Amino acid sequence: MITTIIFDFYDVYMEGIIGSHKYFEKKLDTPVPEEYFYNEDHNKFMLGQITEDNYWESVIKMNSWNISVNLLKNAARKNFTEIKGTREIIEQLQKQGYTLALLSNHGKEWAEYCERKYSYHKLFKHVVYSFQAGITKPNKEIFQHILKKLHVKPQEFLFIDDYIDNIITA
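Rules and cut-offs
- Residues numbered from 1 in each chain as written.
- Predicted model: local features only at pLDDT ≥ 70, side-chain atom pairs only at ≥ 80, totals over all residues.
- Heavy atoms only, no water.
- Pairing = 2+ DSSP bridges.
- Helix = DSSP H or I, 4+ residues; strand = E, 2+ residues; numbered from the N terminus.
- Right-handed = clockwise from strand over helix to strand, strands pointing away.
- Core = buried A, V, L, I, M, F, W, Y, C linked by side-chain atoms within 4.5 Å.
- Buried < 20%, exposed > 50% of the residue type's maximum accessible area, 1.4 Å probe, protein only.
- Contact = heavy atoms within 4.5 Å.
- Axes fitted to C-alpha atoms, helices over the stretch in contact; angles between N-to-C directions.

Asks: It is not clear to me how the pairing of strand β3 (residues 126-129) should be interpreted in this structure. Could you clarify?
Replies: Consecutive side chains along a regular strand alternate between the two faces of the sheet. As paired strands, strand β2 (residues 99-104) and β3 are joined by four bridges and run parallel to one another. Residue A101 lies in a different strand from β3, and its bridge partner there is H126. After leaving β2, the chain enters helix α6 (residues 108-118) and then returns to the sheet as β3, a path that is right-handed.

Below is the structure:
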């Protein structure tokens, strides 16, 4: 019997960084690939091994851009918006008695910003971020970590994510 629902954050509860390229393409006067932000330092940022500024500096260097770190930070933050209707769904599930948790590959500064702006973390019994756990999805250890925190057996939870590898591992 399902007693617990664990949600991913980006592109499930909130719009993530994908799409943020639109905010600074004009500043660069050149097309920017939608996934401009993926590099080896992305995972380090999600693991809490480097700061957001270090991460954005690596993105700038990787793309050979003449652009400020603050412009990239602001573009990402403008894109962090709640997906319409999701908060209401979560509130309904809460009223139905489900234990709700959030499991996210998340950088520290992004989590702090989003929590301050949206207070979504109050909707969940537990919130586990990769930068705190030192593990990212789809690593099975992060799922074991949250199940232990929740005192839930694997057959008692439903995991909602937009990335198939995370779902398969869960």
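Asks: Looking at this model, I keep getting lost on the nonpolar core. Mind explaining?
Replies: One broad trend across soluble globular proteins is that nonpolar side chains are buried collectively. Y36, W56, W65 and Y120 are the most contacted members of the largest nonpolar core, which has 42 residues in total. Elements that contribute at least two residues to this core include exactly β1 (4-7), α2 (40-46), α3 (52-63), α4 (69-79), α5 (86-95), β2, α6 and β3. Element by element, the count of residues in this core is highest for α6, at five residues. The contacts of Y36, once residues within four sequence positions are left out, are I17, S20, H21, F24, W56, V59, M62, N63, W65 and L72. Counting 13 residues, the second largest nonpolar core, distinct from the first, contains I135, I142, I146 and L147.

Asks: Help me understand the sheet that holds β2 in this model?
Replies: Strand pairing in a sheet relies on backbone hydrogen bonds, with the paired strands running either antiparallel or parallel. Spatial ordering of the open sheet is given by β3-β2-β1-β4, a layout of four strands whose pairing is parallel. Two strands close off the open sheet at either side, each with one partner strand: β3 and β4 (157-160). Neighbour-to-neighbour, the strand axes of the sheet open up by a mean angle of 20 degrees, direction not taken into account. Where β1 lies against β2, four bridges are found, and the strand directions are parallel. Bridge assignment links I5 to a residue of β2, and that residue is L100. The strands touched by helix α8 (residues 140-150) are β1, β2, β3 and β4; relative to β2, the strand with the most contacts, the crossing angle is about 150 degrees.

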